[in-house]
Amino acid sequence: MSLRIVVTVKYVPDATGDRHFADDLTVDRDDVDGLLSELDEYAVEQALRMAEELDGAEITVVTVGPENAKDALRKALSMGADKAIHVEDDDIHGTDAIGTSLILAKAIEKAGYDLVVSGMASTDGTMGVVPALLAERLGVPQVTLLSEVSVEDGTVKGRRDGDAASENLEASLPAVVSVTDQSGEARYPSFKGIMAAKKKPVQSWDLSDLDIEAEEVGLEGSYTTVENAAERPARTAGTIVKDEGEGGKQLAEFLAGQKFI
Amino acid sequence: MAEVLVYVDHVDGAVRKPTLELLTLARRIGEPVAVALGNGAGDTAAALAEHGAVKVLTHEASEYADYLVVPKVDALQAAVEAVSPAAVLVPSSAEGKEIAARLALRLGSGIITDAVDLEAGDEGPVATQSVFAASFTTKSRISKGTPVITVKPNSAAVEAAPAAGAVEALSVSFSAQATGTKVTGRTPRESTGRPELTEAAIVVSGGRGVNGAENFGLIEALADSLGAAVGASRAAVDAGWYPHTNQVGQTGKSVSPQLYIASGISGAIQHRAGMQTSKTIVAINKDAEAPIFDLVDYGVVGDLFDVVPQLTDEIRAAHA
Ligand SMILES: Cc1cc2nc3c(=O)[nH]c(=O)nc-3n(C[C@H](O)[C@H](O)[C@H](O)COP(=O)(O)OP(=O)(O)OC[C@H]3O[C@@H](n4cnc5c(N)ncnc54)[C@H](O)[C@@H]3O)c2cc1C
Ligand SMILES: Cc1cc2nc3c(=O)[nH]c(=O)nc-3n(C[C@H](O)[C@H](O)[C@H](O)COP(=O)(O)OP(=O)(O)OC[C@H]3O[C@@H](n4cnc5c(N)ncnc54)[C@H](O)[C@@H]3O)c2cc1C
């Protein structure tokens, strides 16, 4: 039987755009172009590499997000994933991490899986908690923050580079894996890949397809409340000098004035 | 007064600074009760008591080192059941966030990660977060369940506040999931003798402009003259000039020191995400148009190979 890999991919506002909050204190997703969170490209890449190593694997990418989140799915499909699932419902707007993990876990279970591959963190919320939450909800091992990963004979192995140590990890499938940006450069979609992606199936599910009540998610179902969001005041313009032989000395004077020396 | 659980990050009994900061923040919302797990857990008590822990719950078992994350979640859950705290605070390390998330889910609670400040509010603790590469500041609270909050290093000053610190053994029974992910090998990181990047008061970073591993000696010399930690941009890390563990930015460490010195770093949004909250920012870059200059308190437009050694010499002379 071929291995069923589900890759979670998030559609996020472009970090180089002018990101801000809407009136309801959720992320304004209309004013800034969105894209596939760059850190999820590493997840798609590792899934593709594992599939290449194994004799047969099917890669399904899943996203929870608004209409244009399909763009993130198309990107993943054009990289080489086989099919996609888009969970979309007006009631999802404003869902927090706990709620997002509920929707994803239900979708992953419905899709059927042996291995879930996620990014290390999104580039908007950047919490880095969804993979651990998925493992907890699905009741399977988490093998997270891997800079190296492989699957063989029903076992996933990987290396996690932490602050204090580098650890080798091992778990049996099914499992949830997350990979870092050290795991290996993500491929660019080829022209052939982009053309092929147009014909690949994208399924749309809403909350009722997943047996989730509207009150369980969205702003209403949220476990957290944002009370206030304020733009950080612009830094007051600093002093900038051109080095004409004394730049290091001038900088030392500045640091001495600030009591750092 | 309500108790607040503080998860202790320690290495064989030596408590790391972010945990002491958490004790300071915990005192604003209640009485800190610390939870120390694994090898050397009992040895943490003196330091924790000195910084305000009224009680220290300890549990030693090999599971904490042999399996990933879940045994610690089981233990924290047992501590919550024993204490019924008003909130649970965990240091915002990669592992800390994963532990906190799974705990929150089990408790039917919300989670807030990467808080940079914390205060008591009418409806529970209010956390400040610095988001979108530190361009926005938000205030949030947890609206359901026992608040679980992870806090970034350098979010509060460490204050001594002697308390009883009575040690009590925590009773933990591990869940079926606890042994799911085996740690089959561990290579400890070698100490450089320099301060920890996320805890340092001064960070000196080098980027692509440093132009080679061999030239990072210049950055290290400047760092050593100031007793600082060394950071690097992703471009420098990807080129293999400096270890990934020293990367500053979105996918590296986020630092918030009193002083950040960037040399040969352009200031891409992903780098800014990890250093923009530094109190004083200084940059040395030969391109006057580099975006990093938008952030600086003091900038030198010049060649780092001239400016950095001169600066290092001046500092050494001043300290001599
Ligand atoms: C600035 C900001 C701050 C926030 N702070 C909080 C907070 O403190 N507490 C809270 O509960 N919520 C918070 N949220 C909301 C939270 O980010 C979202 O609910 C989000 O969907 C889950 O967290 P994350 O984006 O941080 O994902 P992470 O945990 O960082 O994501 C890790 C991986 O999970 C997968 N993933 C995450 N979201 C999706 C998705 N929608 N579809 C498919 N895959 C996905 C991806 O593979 C991703 O790489 C915040 C959001 C923003 C924008
Ligand atoms: C998803 C994602 C995550 C990322 N995460 C991170 C992260 O965590 N951290 C991070 O740093 N980046 C990260 N990046 C990469 C980031 O976008 C930039 O590519 C990177 O920060 C550039 O590093 P740099 O400033 O050293 O190099 P460059 O942008 O190439 O800048 C080099 C600078 O050095 C100057 N210079 C050259 N020679 C000299 C000299 N002799 N003297 C003085 N100045 C000189 C140049 O003028 C230039 O401004 C990430 C990118 C993505 C897509």
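In what follows, the structure referred to is the one given above.
What counts, and where the lines are drawn
- Residues numbered from 1 in each chain as written.
- Chains lettered and ligands numbered in written order.
- Predicted model: local features only at pLDDT ≥ 70, side-chain atom pairs only at ≥ 80, totals over all residues.
- Heavy atoms only, no water.
- Pairing = 2+ DSSP bridges.
- Helix = DSSP H or I, 4+ residues; strand = E, 2+ residues; numbered from the N terminus.
- Axes fitted to C-alpha atoms, helices over the stretch in contact; angles between N-to-C directions.
- Contact = heavy atoms within 4.5 Å.
- Near = heavy atom within 4 Å.
- Polar contact = N/O pair within 3.5 Å; in protein donor to acceptor, adjacent residues only side chain to side chain.
- Nonpolar A, V, L, I, M, F, W, Y, C, P; charged D, E, K, R; others polar.
- Areas by Shrake-Rupley, 256 points an atom, 1.4 Å probe, with all protein chains shown as cover.
- Buried area = accessible area lost by both parts, 1.4 Å probe.
- Salt bridge = Lys/Arg side-chain N within 4 Å of Asp/Glu carboxyl O.

Chemist: Whenever I open this one, the sheet that holds strand 15 (residues 259–263) of chain B confuses me. Can you help?
Modeler: Strands in a sheet are paired, the pairing made by backbone hydrogen bonds, and the direction either parallel or antiparallel. Taken together, six strands build an open sheet; the order of strands is 13(A)-17(B)-16(B)-15(B)-13(B)-14(B) and the sheet is parallel. The sheet is open, and its two edges are formed by strand 13 (239–242) of chain A together with strand 14 (229–232) of chain B, each paired on a single side. Neighbour to neighbour, the strand axes of the sheet diverge by 15° on average, direction disregarded. One ladder, built from four bridges, connects strand 13 of chain A with strand 17 (residues 298–301) of chain B; its direction is parallel. Its bridge partner lying in strand 17 of chain B, K242(A) is registered against V301(B). Against the sheet, helix 9 (residues 304–319) of chain B contacts strand 15, strand 16 (280–285) and strand 17 of chain B, and its axis sits at roughly 135° relative to strand 16 of chain B.

Chemist: How do you make sense of the site of ligand 2 when you look at a structure like this?
Modeler: For ligand 2, the set of nearby residues contains 27 residues, the closest of which are R208(B), S233(B), Q247(B), S266(B) and Q270(B). Near ligand 2, residues from chains A and B are present, making the site a shared one. At a separation of 3.0 Å, an oxygen atom of ligand 2 approaches a polar backbone atom of Q250(B). The separation between a nitrogen atom of ligand 2 and a polar side-chain atom of D303(B) is 3.1 Å. Secondary-structure elements contributing two or more residues to the shell around ligand 2 are helix 1 (38–53) of chain A together with helix 7 (234–238), helix 8 (269–272) and helix 9 of chain B. Within the shell around ligand 2, the residues separate by chemical class into seven nonpolar, 14 polar and six charged.

Chemist: Whenever I open this one, the site of ligand 1 confuses me. Can you help?
Modeler: In the region of ligand 1, 31 residues are neighbours, and T8(A), K10(A), D40(A), G128(A) and I111(B) sit closest. Surrounding ligand 1 are residues belonging to chains A and B, so the site spans chains. One of the backbone N or O atoms of A97(A) is found 3.0 Å from an oxygen atom in ligand 1. At 2.9 Å from an oxygen atom of ligand 1 is found a main-chain nitrogen or oxygen belonging to M127(A). For ligand 1, whose accessible area on its own is 930 Å², the fraction buried by protein is 93%. Counting only elements with at least two residues in the shell around ligand 1, the list comes to strand 4 (57–64), helix 3 (97–111), strand 6 (115–119) and helix 4 (130–138) of chain A together with strand 7 (111–119) and strand 8 (126–131) of chain B. Considered class by class, the residues forming the shell around ligand 1 number 14 nonpolar, 13 polar and four charged.

Chemist: Explanation requested: the interface of chain B and chain A in the structure shown.
Modeler: By a widespread convention, an interface's size corresponds to the accessible area lost as its parts come together. With 86 residues of chain B at the interface, the matching set in chain A holds 77 residues. A combined buried area of about 6900 Å² lies between chain B and chain A, and 56% of that area is made up of carbon and sulfur atoms. Of all residues in chain B, the largest losses of buried area upon contact with chain A belong to L105(B), F132(B) and Y298(B), amounting jointly to 11% of the total for that side. Inspection of the chain B/chain A interface yields eight salt bridges. Here D181(A) makes a salt bridge to R234(B), at a shortest N to O gap of 3.1 Å. One can count 44 residue pairs in polar contact (both at pLDDT 80 or more) joining chain B with chain A. When residues in the side of chain B that touches chain A are grouped by element, the largest group, nine residues, is from helix 5 (residues 94–107) of chain B. When its residues are assigned to classes, the side of chain B that touches chain A shows 35 nonpolar, 30 polar and 21 charged.

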